[in-house]
Amino acid sequence: MSVQTDREQMHSALESCGYGWLIEYWGDHADDRLDESARHLERFVSEYKTQFGEQPDPLGLVDSSPLKAAAFFHPTTLAASAPIQCAVWRILLGAEVQELDFHYENGQPPKLTLQLKTPYGEMEQYQAMEPQDIKILRHLGITVVNGTGVVLDGYYAPAPK
Amino acid sequence: MDMSGVDRYFPIAYGVDATDIVLRACQRHWPECVLRNATDDEDRSLDDPDLWIGNSLGKEFFVYRCRRVAECWHKQGAAEDNRDSMLHVMIAAGENDRNRICVVEIHDEANNMIQKILAAMEQGLNDAGTVPEIYLLAGEAA
C-alpha cells in the first residue's frame, strides 16, 4: 500500500482525530507546519520499512481504528523522533512494554530506553533520540497489579471531553 | 452440571479503546490465546496485526486460551474440561459513543487466571485516560 502524505491528508487526519484546534493554533503557519508534519510522517514510514520490511499506514488508521489514530496523530507522538514513533507503532500492534529506563538530571539530556516484547515473543529495544521523545511516556497505559506492581501497556490518546 | 455462562458487565469510560484493553488483558495472562469473531469462523492469534490496528475484530468475539482449546470449543461447546478457557466478549455501543458497556461471559468464576483477566479489563476499561488533556505547546511553538 502506498502512503502519500501531503498537506491535505495531514490536515484531514488531524481534524478527524480531534486535533483541528492544532491547525487553528498554528494560524498563518499552518501550511508550513502541516508540510513539516507530513515530511516527519514520511520519515517514520521510511524508518519502519527499513527496520521491519513492512510499510505502516498511519493514515489508514483514521478509518480502521480511530482511537489508535488519535493516539498516533496526537501532537506529542507526531513530534517524536522516527525511532520512537516506530516503538509507538509496535505498541499499537500489540507489543508490551517489558522494561523502561528513564534518567533525568536537571538541565541534562534525558535518557529513555524502552524494551518491548512483540506478540511474536521477540524483544526489541528503542532509545529516545530527542528531548521531546520523553513526552510519549504520558500516553502509556498504567495498570496496577497485585496492589503495588505496575504494568505499562498500551498507547492511548488523552480522554476526549 | 450447569455449564451456562455468567455475564460480567464493565462500563467503558468515554474515549477508551475497549478492544485494545481486552486484547492486552488476555495477552498478559493467556499469551497463546486465539480469537474468533461472532460473525466468522476464523481463529486469529495475537500476532495478527489486523486484530490490533485493522477492523477485523467486531464488537462481539470469543477469546480462547489456546488454539487447541478453541478447537475443542468449536467441536463440543461448553464442557466440564474446557469451562475455564473461553471468554465471550461483547462491546455494546451506547448513545453518541458514550455509555458503552463491555459484557464478558465466563464459564468459571472461580478460575484465578480468569479473575486476573477480568480485573485487568475492569481497570483499563474504567480508566478515563492516563493523560490530562492539558499539555504544554508553548515550547514547541517557540
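The rules behind these values
Residues numbered from 1 in each chain as written. Chains lettered and ligands numbered in written order. Predicted model: local features only at pLDDT ≥ 70, side-chain atom pairs only at ≥ 80, totals over all residues. Helix = DSSP H or I, 4+ residues; strand = E, 2+ residues; numbered from the N terminus. Buried ≥ 20, exposed ≤ 12 C-beta atoms within 10 Å, placed from the backbone. Contact = placed C-beta atoms within 7 Å. pLDDT = per-residue confidence, 0-100. Pairing = 2+ DSSP bridges. Axes fitted to C-alpha atoms, helices over the stretch in contact; angles between N-to-C directions. Parallel < 35°, antiparallel > 145°, perpendicular 65-115°, else oblique. Left-handed = near helix turned anticlockwise from the far one by under 90°. Nonpolar A, V, L, I, M, F, W, Y, C, P; charged D, E, K, R; others polar. Expected span 1.5 Å × (residues − 1).

Participant: What's the story with the overall build of chain B in this structure? I'm lost.
Facilitator: Along chain B, the regular secondary structure elements total 5 helices and 6 strands. Put simply, chain B runs from its N terminus to its C terminus through helices and strands in the order β-α-β-β-α-β-α-β-β-α-α. Counting all 142 residues of chain B, 32% fall into the buried class. The contacts in chain B between residues at least 6 apart in sequence include a share of 64% that link residues at least 24 apart.

Participant: Explain the confidence of the model for chain B to me, please; I cannot follow it from the model alone.
Facilitator: Atomic detail in the predicted coordinates should be set aside for any region of low pLDDT. Residue and element names in this part refer to chain B. Per-residue confidence for chain B averages 84 on the pLDDT scale, and 86% of its residues sit at or above 70. In the model, residues 129-142 has pLDDT below 50 throughout and makes 18 contacts with residues more than four positions away in sequence or in other chains. Scored as a complex, the prediction yields pTM 0.88 and ipTM 0.86.

Participant: Is there a simple way to explain the pairing of strand β3 (residues 123-127) of chain A in this structure?
Facilitator: Each regular strand carries side chains that alternate between the two faces of the sheet. Residues and elements named next belong to chain A. Bridge count for strand β2 (residues 111-117) against β3 is 5 bridges, and the pairing is antiparallel. What sits directly across from leucine 114, in β3, is tyrosine 126. Connecting β2 to the antiparallel partner β3 that follows it, the hairpin turn spans 5 residues, and glycine 121 within it adopts a positive phi of roughly 90 degrees.

Participant: Sorry, what's going on with the sheet that holds β3 of chain A here?
Facilitator: Think of a sheet as strands paired side by side through backbone hydrogen bonds, with each pair either parallel or antiparallel. Residue and element names in this part refer to chain A. The strand order across the open sheet built from 3 strands is β1-β2-β3, with neighbouring strands paired in antiparallel fashion. Lying at the two open borders of the sheet, with one neighbouring strand each, are β1 (96-103) and β3. Shown here is a sheet whose adjacent strand axes are inclined to one another by a mean of 15 degrees, direction ignored. Of the strands in this sheet, β2 and β3 touch helix α7 (residues 82-92), which is tilted by about 145 degrees from β3.

Participant: What is the right way to look at the packing of helix α3 (residues 30-52) of chain A against α7 of chain A in this model?
Facilitator: For any two helices packed against each other, one specifies the inter-axial angle together with the distance between the axes. All names here are of chain A. One way to put it is that α3 packs onto α7 with a least axis distance of 9 Å and a crossing angle of 70 degrees. In this view, α3 runs roughly perpendicular relative to α7, as classed from their interaxial angle. Of the two elements, α3 crosses α7, and the hand of that crossing is right-handed. Between α3 and α7, the residues in contact are Arg43, Phe44, Glu47, Tyr48 and Gln51 and Ala82, Pro83, Gln85, Cys86 and Trp89, respectively. Here the contact of α3 with α7 is built from residues that sort into 6 nonpolar, 2 polar and 2 charged.

Participant: Mind showing me how you'd approach the interface of chain A and chain B here?
Facilitator: Size of an interface: often given as the accessible area lost when the parts come together. In this complex, chain A contributes 28 residues to the contact, which on the side of chain B involves 28 residues. Elements that contribute at least two residues to the side of chain A that touches chain B include exactly α4 (58-64), α5 (66-72), β4 (140-145) and β5 (149-155) of chain A. With 5 residues, the single largest contributor to the side of chain A that touches chain B is β4 of chain A. Taken together, the residues of the side of chain A that touches chain B break down into 16 nonpolar, 8 polar and 4 charged.

Participant: Can you help me understand helix α1 (residues 18-29) of chain B in this one?
Facilitator: Residues and elements named next belong to chain B. Counted at 1.5 Å a residue, the expected span for α1 with its 12 residues is 16 Å, and the 17 Å between its end C-alpha atoms agrees. With 10 of 12 residues buried, α1 is to be regarded as a mostly interior element. Those residues of α1 that sit buried are Ala18, Thr19, Asp20, Ile21, Val22, Leu23, Arg24, Ala25, Cys26 and Gln27.

Participant: Got a minute to help me understand the environment of alanine 25 of chain B in this structure?
Facilitator: All names here are of chain B. By the secondary structure assignment, alanine 25 is in helix α1. Alanine 25 gets classed as buried once you count the C-beta atoms within 10 Å, which come to 26. Placed 94 residues apart in sequence, alanine 25 and alanine 119 show a C-alpha to C-alpha distance of 8.5 Å.

Participant: Help me understand the packing of helix α1 (residues 7-16) of chain A against α3 of chain A in this model?
Facilitator: All names here are of chain A. At their nearest, the axes of α1 and α3 sit 8 Å apart, and the two run at 95 degrees to each other. Taken together, the axis directions place α1 and α3 in an arrangement best described as roughly perpendicular. Listed contacts from α3 to Arg7, Met10 and His11 of α1 are Asp31, Leu34, Asp35, Ser37 and Ala38.

Participant: Please clarify how the pairing of strand β2 (residues 34-37) of chain B should be interpreted in this entry.
Facilitator: All names here are of chain B. Here β2 runs beside strand β3 (residues 44-45); their pairing, made up of 2 bridges, is antiparallel. Pairing of leucine 35 across the sheet is with arginine 44, part of β3. Linkage of β2 to β3, two consecutive antiparallel strands, is achieved through a turn of 6 residues. As judged from the 4 bridges shared by β2 and strand β4 (residues 60-64), these two strands associate in the antiparallel manner. Considered in β4, the bridge of leucine 35 is made with valine 63.

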